[in-house]
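For reference, the chains in residue letters:
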Amino acid sequence: MSIVTVQLGQCGNQIGHEVFNAICGDIRGTHGLCSKKENESYHDACKERFFSEEESEVPVARAVLVDMEPKVISQTLSLAARSGYWKYDDRSHFCQKQGSGNNWANGYSVHGPKHKEVIMNLVQKEAEKCDRLGGFFTIMSMAGGTGSGLGAFVTQGLRDAFPTSFILNHVIWPYGTGEVIVQNYNSVLTLSHLYRSSDALLVHENDVVHKICAQLMNIKQISFRDVNQVIAHQLGSVFQPTYTAESGLHYSRNPLGDLMETLVPHPEFKMLGLRNIPQMPENTLAYSTFSWPGLIKHLRQMLIANAKMEEGIDWQIKPPHPGCSIPSSHSTNKPLHFNTSIANLVILRGKDTHSVDLGSFQDPSLYTSWLKPRDAFNVWKTPRAFNKYEKSASLVSNSQFLLKPLDNVVGKAWNMFASKAYIHQYTKFGIEEEDFLDSFTALEQVISSYTTL
């Protein structure tokens, strides 16, 4: 099944480009470290998922690019075409002359309705090119105006036009120190609207990725491109083909459906976090060896201690002892900082994946009381290595990973709202105080649900 990617705003278009680059680099690489037959079926599954073949023989990304300013889209189109390995369809993009000015209401209430027909037609055309449509993957930032406001509007449009298709929103969480003064308002409005129409939200925090660039990748002067390449690598590690328990001897055909089925058992819980190890500069890869037990041990501790990367993990945090578990409403008994999960998915790529012991992830004390570990934990595998890493493991987790950042954003936005700061910028585009209150209420409910796990 194919996935149609919708790239929204400057951030969405720049990351989308890096994602297709990473995927294309991975399937072109000779570093698969597996049999020729294996490599071919991996290659075919990936192509069907993300690219459509045209007469030119150059794979064309299944993507729609949307921005309210032309600059980033024209750069993105020409960068992809110049690579010679893949390109965007010249007719699958839409841009205007003036942006949304970092104003969510402008993107959502003005640009959205005005350009809805053109944008949805582009999406429809892209969907019709798929033999079988698996769903939509949108990429957007929460801080600005176009990605967030127009992104929320387009997601609603996708839900109306494709009521049975899966929609996964990839959302970039803004830097805590701030890029835009009203970013917390924009974030609250984006998240609450996406929660209504999306199947799941996969979140990357800019601060975390920045740290990975500095501490693991040893980059001295970190650019947006560096940050986006780390994000793209992590996304590729999830979306490239794998074998699931159900798919048997064939690569899974329905990545978005499989992801939702394994990770989103209840519509109240849709926030997914992603961790990927190991991550290091390419020039040190050749000198590094990894063992599966070591990688799994790190990944599990990252999960329970809510560590963002494999450096600086708190090894003191342990799961609660079985037997002392109490009803989830009294989760005060849980060890401090312990991260409770609803569902986890581990993805293993590379040598000897068949022999990996994942019993430590099936410990009932890691999960909420209303799901059995056998339902809450899943694993996908492939012997085909990813992006030059002989062995790599990813964790996609529906857990309390995002509770603190969410609480922070809502708290900061509420403090501004209480003093009516900048509200007039939104009301002039038709977003009233009532809409803000609805959004706060919706997110308070999400925070409360995740807190009582």
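Residues numbered from 1 in each chain as written. Predicted model: local features only at pLDDT ≥ 70, side-chain atom pairs only at ≥ 80, totals over all residues. Heavy atoms only, no water.

A. Here's a closer look at the packing of helix α13 (residues 403-418) against helix α15 (residues 433-451). Following both chains from N to C, one finds α13 and α15 inclined at 150°, their axes separated by 10 Å at the closest point. In terms of orientation, α13 lies roughly antiparallel with respect to α15. You can see that α13 and α15 cross each other, and the crossing is left-handed. Where α13 abuts α15, its residues L403, L406, D407, V410, A413, W414 and F417 lie against E433, F436, L437, F440, L443, E444, V446, I447, Y450 and T451. A per-class count over the contact of α13 with α15 returns 13 nonpolar, one polar and three charged. (Axes fitted to C-alpha atoms, helices over the stretch in contact; angles between N-to-C directions. Helix = DSSP H or I, 4+ residues; strand = E, 2+ residues; numbered from the N terminus. Parallel < 35°, antiparallel > 145°, perpendicular 65-115°, else oblique. Left-handed = near helix turned anticlockwise from the far one by under 90°. Contact = heavy atoms within 4.5 Å. Nonpolar A, V, L, I, M, F, W, Y, C, P; charged D, E, K, R; others polar.)

B. Summary view of the side chain of E18. Assignment of secondary structure puts E18 in helix α1 (residues 9-28). Looking at E18, the relative accessible area reads 7%, which means it is buried. A polar atom in the side chain of E18 sits 2.6 Å from the side chain of R225. When residues no more than four places from it in sequence are discounted, the contact partners of E18 are R225, N228, Q229 and A232. (Buried < 20%, exposed > 50% of the residue type's maximum accessible area, 1.4 Å probe, protein only. Polar contact = N/O pair within 3.5 Å; in protein donor to acceptor, adjacent residues only side chain to side chain.)

C. Representation of the sheet that holds strand β5 (residues 87-88) in the model. Spatial strand order, β2-β3-β5: three strands in an open sheet with mixed pairing. In the strand order of this sheet, the two ends are held by β2 (51-52) and β5, each with one partner. Both β2 and strand β3 (residues 60-61) contribute to a ladder of two bridges, which runs antiparallel. Paired with S52 across the strands is V60, a residue of β3. (Pairing = 2+ DSSP bridges.)

D. Geometry of the environment of D352. Structurally, D352 is set in the loop between β11 (341-350) and α12 (373-376). Residues D352 and S291 lie 61 residues apart in sequence; the distance between their C-alpha atoms is 9.9 Å.

E. Just the domain arrangement of the chain, in detail. Splitting the chain by domain gives domain 1 (2-259), domain 2 (282-320 + 337-400) and domain 3 (404-452). When each unit is reduced to the centre of its C-alpha atoms, the spacing between domain 1 and domain 3 is 26 Å. Listed as interface residues are 22 residues of domain 1 and, on the opposing side, 22 residues of domain 3. Among the residues domain 1 hides against domain 3, the three largest losses belong to N184, Y185 and V188. Together they make up 34% of the total. Our enumeration of links across domain 1 and domain 3 arrives at zero salt bridges. (Domains from an automatic or database assignment. Buried area = accessible area lost by both parts, 1.4 Å probe. Salt bridge = Lys/Arg side-chain N within 4 Å of Asp/Glu carboxyl O.)

F. Structural context of the sheet that holds strand β1 (residues 2-8). If you trace the 10 strands from one edge of the open sheet to the other, you get β6-β4-β1-β7-β8-β9-β10-β13-β11-β12, paired in mixed fashion. One side of each edge strand has no neighbouring strand; the edge strands of this open sheet are β6 (93-95) and β12 (377-382). Strand-to-strand twist of the sheet, defined as the mean angle between neighbouring strand axes without regard to direction, takes the value 20°. Relative to strand β9 (residues 200-205), strand β8 (residues 166-173) runs parallel, the two being bridged by six bridges. From the neighbouring strand, H170 faces β9, where its bridge partner is L202. Most of the contacts of α1 go to β1, to which it runs at about 140°, and overall it touches β1, β4 (63-67), β7 (133-141) and β8.

G. Geometry of the state of the cysteines. Counted under the stated rule, the structure contains zero disulfides. As a non-bridged cysteine, C34 has C46 as the owner of its nearest cysteine sulfur, 13 Å distant. The exposure class of C34 is partly exposed, given its relative accessible area of 24%. In this model C46 remains outside any disulfide bridge; the closest cysteine sulfur is found in C24, 7.8 Å from its own. (Disulfide = S-S within 2.5 Å.)

H. Seen up close, the packing of aromatic side chains. Considering all chains together, one arrives at 22 aromatic pairs under this definition. Cation over ring: K270 sits above Y195, and NZ or CZ is 5.4 Å from the ring centre. Directly above the ring of F401 sits R275, whose terminal nitrogen or CZ lies 3.8 Å from the centroid. (Phe/Tyr/Trp six-rings, centres within 6.5 Å; stacked < 30°, edge-to-face > 60°. Lys NZ or Arg CZ within 6 Å of the ring centre and 35° of its normal.)

I. Local environment of the packing of helix α6 (residues 183-197) against α15. Two elements in contact, α6 and α15, have axes separated by 9 Å at closest approach and are oriented at 70°. As judged from the angle between their axes, α6 and α15 are roughly perpendicular. Within the contact between the two elements, α6 uses Y185, V188, L189, L191, S192, H193 and Y195 and α15 uses F436, S439, F440, A442, L443, V446 and Y450.

J. Geometry of the side chain of E205. Turning to its location among the elements, E205 is positioned in strand β9. For E205, a relative accessible area of 15% translates into the label buried. In contact with E205, other than residues within four places in its own chain, are W173, K308, L402 and P405.

K. Examining unusual backbone geometry more closely. I277 connects to P278 through a cis peptide bond whose omega is -10°. Checked against the element boundaries, P278 lands in the loop between β10 (271-277) and α10 (282-285). In this model, N387 sits at a positive phi of 45°, which is unusual for a non-glycine residue. Counting through the fold element by element, N387 comes out in the loop between β12 and β13 (391-399). With phi around 65°, Y422 is a residue other than glycine that occupies positive phi space. Among the secondary structure elements, Y422 is positioned in the loop between α13 and α14 (423-427).

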